[in-house]
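Here's the letter readout for the chains.
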Amino acid sequence: MSAEPVTGAATAETLRDEVAARVRDGQRFAGLSAGLTPDGVDLTALLAHDGTVEPLDVRLPPMATRFASLTPLVPAAFWYERAIRDLFGLEPYGHPRPDPLLLPLEDPSAPLPRPGKPGMPDDLPPDEFALPRVVTGPGLFTIPHGPVRSGVFESVEYLVETPGEDIPRLQIRLFGKHRGIEKRFEGMTPYDAVLLAERVEGIASVAHALAFAHAVERLAGAAVPRPAALVRVLHAELERVANHLDVALKLSDAAGLAVATARFGTHKERVLRLVGALCGSRFGRGVVVPGGVTAMPRLAPIEILDRLDRLQAAVEGDARALMATPSFLDRLRGTGRLDGALARSHGALGPVGRASGFHADARVERPYDAYPHLAMTPLPPRAAGDAMDRLKVRWDEVGQSFHLIRQVVQELRESPGDGTCAAPVHVEDGRALGWAEAPQGEVLYLLRVRQGRVTRCDPRSASFHNLVLLHEVFNGDILTDFPFIEASFGLSVAGAAR
Amino acid sequence: MPWVLRGLREGVVTTRYPARPDPEADAWPGGIDVVERESTASDGEPENVCPTAAISRGDDGRLRLDRGRCVLCGRCVQARPDLFSVHRGTETARLSRRTLVVPESPDDDDEELGRLREDLGRRVRALRRSVHIRHVDAGSDGSDEWEVLALGNPVYDIHRLGIFFTASPRHADVLLVTGAGSLGMAEPLARTREAMPQPTVVIAAGTDAISGGLVSPSYATADGVGRMLPVDVWVPGSPPSPFSLLHGILLALGRIGEGDRRGRTDEADRRGRTGGGRQEGRA
Ligand code: SF4
């Protein structure tokens, strides 16, 4: 990835047409980002194709108040443009529903965060009434869920709009958890910022740290030492196993399977304890630094392998039992179906995409760290697009992760290296992309650095990209299916609302 | 094999904490300590290594570390093992924000702590048997919820202690809040607290909930939940481990003391506990 814009579009209209044409040609829309620079606002569309992610830029004049919405031609831009509107005050004209998403404000003239602009704005308390909550009309009513949920969940508000006999519509209100993370990155050194990246989406700490570190390493031209690259994969795959077990336990819980819930809870606890024993954090925090890792694992390879054997046997036994429990399968089959064509045009990430026959995997498309030299067992094809296939994909991936972890630990055992954990990193000014495959799907960081400090960082989580698809998957009884559909997506509100 | 039998396969996995020590908890790196020794000129400025400004130097020239700001990145220990060390153990919850600062300060106000303890004791007296907790996420990164949820798994099995999570604020005795205090959750959090029967006990769970952690300062958070509602118990950690959460909940209920070992008397506990002179928050 070069440090400066690869392709420039003259206007937002030409950018829109270019992106639409490329998506028609099969390129994957991977995000839309904005950033304030001294010369105006840069609007950057990210397109994944042929083993790369290509940024397409257009620079809007400093006084710009609006831009041509991509959404009518590229529906996947729906949330991205609403987020840009909130943070920059730029109106995406032509957008079908340009409601606030991250930051509804009572006073539209308040100085907005405008990431990329130096300085921290004053407190911006969102106004929950600045966003229409109840849609009214004949036979129309709205059922709210949240933002305080019934149980230990992340806060988010789902509004179910039921227009008479039609299929209900869902509105997702994210702003309760908006933390202003993007502004917080600015001014940090890469070594501090990687710790913040871990907290953008805490259940995918390792993947976010990796995506951030990869962007820094690209700017620095740094090569991660082999043992460090192996340790990175070890933690990234354990994170995947923990997340997939979390989904299994939430689905079991939704189905009222108390023993299964307890069993998967115990297995997940064992994974977190293993991670804790390896590095001192149950979430693998503090492991990844720009240039490598902070330390080698605190457990001997033989001990890791021993724990893995027991864990894998227990997990696989219970997974088999779960997938042979008819009352459970009845709840998943056909539930929350995501159409394959939609998954493709949206560029649905991670297990959500894979269960609908669309495979985007950063480990395969653009392998990093130790992945290029590791064997990844091929996943069986899945395409039903329902909660059932999403769970099957997760079990496939758990098996794949165990296989990867074993290879990594074997190699660490045979060639532990000379103890060098990280390469020196001298960051050049410029812009770079970094990515990693989180349990939720591809994480993409767009990073700008000047004089050793972050000037702009846009952490695009798979949760943000995929969560909007919840709008599209209700085909049955919305109220009773909802817990299954939500759990089967396996996303995090924190990563989406950042 | 039916699920009922699968459930019996591994026998008892449940911790016996707090009745018995738990080896996992006792070995867990639950905080950072300042190594007590005379400061010297060669100390330099170790406060600069900390990403959250948790380390400061008091007027007396001694280093202090605010566990309410610490995210346990381990950098200070790595850079200056002569000045900082990893604290083993999970009993890190405290009744006062100030006493999260280590090491203890000579002007630590024992009287105030006694008052806090008494006041809390009055409020929880009625609920020693069966306790219901309402959790609210006020801007967490998502990891805190995993650790709260873990308390329900068979390893911690919080139900054995007569503690339950409830969906209804009307039946809740304790409000457990996670997250940096996102401004968008201020109103929903206030509504939840108002719907709870009075008096309420409030636990701020996690370094984010205490100070905002790495997310602070931000235009979108209150740098912790302490500015949004009065907090009774502070549980540090990024995120706090399930054992630390358990310690915080039991401390709120008066079933356990502060400090790092069980079974201490209040007096010994007060002496052993650490304290400092810095008050957090913009309030
Ligand atoms: S471990 Fe805590 S006190 Fe030490 S540098 Fe990290 S955040 Fe600061």
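Residues numbered from 1 in each chain as written. Chains lettered and ligands numbered in written order. Predicted model: local features only at pLDDT ≥ 70, side-chain atom pairs only at ≥ 80, totals over all residues. Heavy atoms only, no water.

Asker: Is there a simple way to think about the site of the ligand in this case?
Answerer: Near the ligand there are 13 residues, and of these Cys50, Cys70, Cys73, Gly74 and Cys76 of chain B occur at the shortest range. Of the residues in the shell around the ligand, the class split is 11 nonpolar, 2 polar and no charged. (Near = heavy atom within 4 Å. Nonpolar A, V, L, I, M, F, W, Y, C, P; charged D, E, K, R; others polar.)

Asker: Help me out: how do you make sense of the UniProt feature "domain: NADH-quinone oxidoreductase subunit D" (unreviewed entry) in chain A in this one?
Answerer: This chain's UniProt record puts "domain: NADH-quinone oxidoreductase subunit D" (unreviewed entry) on residues 266-416 of chain A. Across residues 266-416 of chain A, helical content stands at 58% and strand content at 3%; the span's end C-alpha atoms are separated by 31 Å. (UniProt positions renumbered as here; feature names shortened; annotations may be inferred. Helix = DSSP H or I, 4+ residues; strand = E, 2+ residues; numbered from the N terminus.)

Asker: Would you mind going over the sheet that holds strand E13 (residues 441-450) of chain A with me for this structure?
Answerer: Whenever strands of a sheet pair, they do so through backbone hydrogen bonds, lying parallel or antiparallel. Residues and elements named next belong to chain A. Judged by pairing direction, the sheet is antiparallel, and its 3 strands sit side by side in the order E12-E13-E14 without closing on themselves. Single-partner strands in this sheet number two, and they are strand E12 (430-438) and strand E14 (453-460). Sheet twist, expressed as the mean angle between neighbouring strand axes with direction ignored, is 20°. Pairing of E13 with E14, which is carried by 7 bridges, proceeds in the antiparallel orientation. Looking at the pairing, Arg448 lines up with Arg456 of E14. Along the sheet, helix H5 (residues 205-220) contacts E12, E13 and E14; its crossing angle with E12, the most-contacted strand, is approximately 150°. (Pairing = 2+ DSSP bridges. Axes fitted to C-alpha atoms, helices over the stretch in contact; angles between N-to-C directions. Contact = heavy atoms within 4.5 Å.)

Asker: Sorry, what's going on with the UniProt feature "domain: NADH:ubiquinone oxidoreductase 30kDa subunit" (unreviewed entry) in chain A here?
Answerer: In this structure's numbering, the residues bearing the UniProt feature "domain: NADH:ubiquinone oxidoreductase 30kDa subunit" (unreviewed entry) are residues 57-111 of chain A. Between the end C-alpha atoms of residues 57-111 of chain A the distance is 25 Å, and the span holds 20% helix and 18% strand.

Asker: How do you make sense of the side chain of Gln440 of chain A when you look at a structure like this?
Answerer: Residue and element names in this part refer to chain A. The residue Gln440 is located in the loop between E12 and E13 in this model. Residue classification places Gln440 among the buried residues on the basis of a relative accessible area of 2%. Of the polar contacts made by the side chain of Gln440, one reaches the side chain of Asn243; its length is 3.0 Å. Look past the residues within four positions of Gln440 in its chain and what remains in contact with it is Glu201, Ile203, Ala204, Asn243, Leu349, Gly350, Pro351, Ala462, Ser463, Asn466, Gly490 and Leu491. (Buried < 20%, exposed > 50% of the residue type's maximum accessible area, 1.4 Å probe, protein only. Polar contact = N/O pair within 3.5 Å; in protein donor to acceptor, adjacent residues only side chain to side chain.)

Asker: I would appreciate a short explanation of the domain arrangement of chain A in the present structure.
Answerer: Interface size is commonly expressed as the accessible area that is lost once the parts come together. Residues and elements named next belong to chain A. Domains assigned within chain A are domain 1 (12-126) and domain 2 (183-482). Taking only C-alpha atoms into account, the centre of domain 1 sits 27 Å from that of domain 2. Buried surface at the junction of domain 1 and domain 2, both sides included, amounts to about 2200 Å², of which 63% is carbon and sulfur. Taken together, domain 1 and domain 2 are joined by 4 salt bridges. The partner of Arg448 in a salt bridge is Asp42, and the shortest N-O contact between them spans 3.4 Å. No other element matches strand E2 (residues 28-37), which puts 6 residues into the side of domain 1 that touches domain 2. (Domains from an automatic or database assignment. Buried area = accessible area lost by both parts, 1.4 Å probe. Salt bridge = Lys/Arg side-chain N within 4 Å of Asp/Glu carboxyl O.)

Asker: When you look at helix H7 (residues 258-279) of chain A in this model, what are you seeing that I'm missing?
Answerer: Residues that lie three or four places apart on an α-helix share one face, since the helix turns once every 3.6 residues. All names here are of chain A. The end-to-end C-alpha distance of H7 is 32 Å, a good match for the 32 Å that 22 residues give at a rise of 1.5 Å each. Counting buried positions over the 22 residues of H7 gives 17, a clear majority of the element. The first or second residue beyond H7 is Gly280, which carries a positive phi of 90°. (Expected span 1.5 Å × (residues − 1).)

Asker: Whenever I open this one, the domain arrangement of chain B confuses me. Can you help?
Answerer: Residue and element names in this part refer to chain B. Domain boundaries assigned for chain B yield domain 1 (25-89) and domain 2 (106-273). Taking both partners together, domain 1 and domain 2 bury about 980 Å²; carbon and sulfur atoms supply 58% of that area. Per-residue buried area on domain 1 facing domain 2 is highest for Gly68, Arg69 and Val71; these three make up 40% of the total on that side. Where domain 1 touches domain 2, the interface holds 0 salt bridges. Here the side of domain 1 that touches domain 2 is built from residues that sort into 6 nonpolar, 3 polar and 4 charged.

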